[in-house]
Structure formats: C-alpha cells, structure tokens
Amino acid sequence: MYNFGLHYPIFGSEIPCPHCRQTNLALTLTGTYLCLRHGSFEADSLSSELVHLPSEWD
Ligand SMILES: [Zn+2]
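Note on numbering: residues in each chain are counted from 1, in written sequence order. Totals for whole chains, interfaces and linings use every residue, but because this is a predicted model, local features are given only for residues with pLDDT of at least 70 and side-chain atom pairs only at 80 or more, for both listing and counting. Each side-chain value is worked out from all heavy atoms of the structure, with water and hydrogens disregarded.

A. Examining the environment of Phe11 more closely. In this text, helices come from DSSP runs of H or I with a minimum length of four residues, and strands from runs of E with a minimum of two, each type numbered from the N-terminal end. Mapped onto the fold, Phe11 is located in the segment before strand E1 (14-16). Once the C-alpha coordinates of Phe11 and Gly31 are considered, the two residues, 20 residues apart in sequence, prove to be 9.6 Å apart. We call two residues in contact whenever any of their non-hydrogen atoms come within 4.5 Å of each other. Sequence-distant contacts of Phe11, defined by excluding residues within four places in its chain, comprise Tyr33, Ala43, Ser48, Glu49 and Leu50.

B. A look at the sheet that holds strand E5 (residues 49-52). Read across the open sheet, the 5 strands follow the order E1-E2-E3-E4-E5; overall the sheet is antiparallel. In this open sheet, the two strands that pair with only one neighbour each are E1 and E5. Ignoring strand direction, the axes of neighbouring strands in this sheet form an average angle of 30°. Here a strand pair is declared whenever DSSP counts at least two bridges between the two strands. In this structure, strand E4 (residues 39-44) lies alongside E5, joined through 4 bridges in antiparallel fashion. Paired with Glu42 across the two strands is Val51, which belongs to E5. Fitted lines through C-alpha atoms serve as axes, helices being fitted only where they are in contact, and the angles separating the N-to-C directions of these axes extend from 0 to 180 degrees.

This is the structure in structure tokens:
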C-alpha cells in the first residue's frame, strides 16, 4: 500500500479552528489547514505552531 499524496501536516488530517472552533481540514499538498471563515492556517513544522496566513477574506 502506498499513500502518495496523503502526507498530512504535523497536526493531522483536521483540527479545530483556533478562532471559531469549526473543523479545519488539512490540505495535504501545501501543509495548511483551511477554515471557511478565516482562510488558511499554516502548520509550521519547525516551531509546531499554527500560523494564520494573510487572506483577502478578512
Ligand atoms: Zn475559523
């Protein structure tokens, strides 16, 4: 079994949004999580922190 393309970010396949607690799904290609309200959060593998990326939705 090979799981090409299923390399999740450090926090796993989904996390609660830090702001609204809705489920954020991981985007496996970019290592980010997506909240429908708040946009993208990047999982920083070096600092193990979740970084809110700038978004035009704000
Ligand atoms: Zn949110």
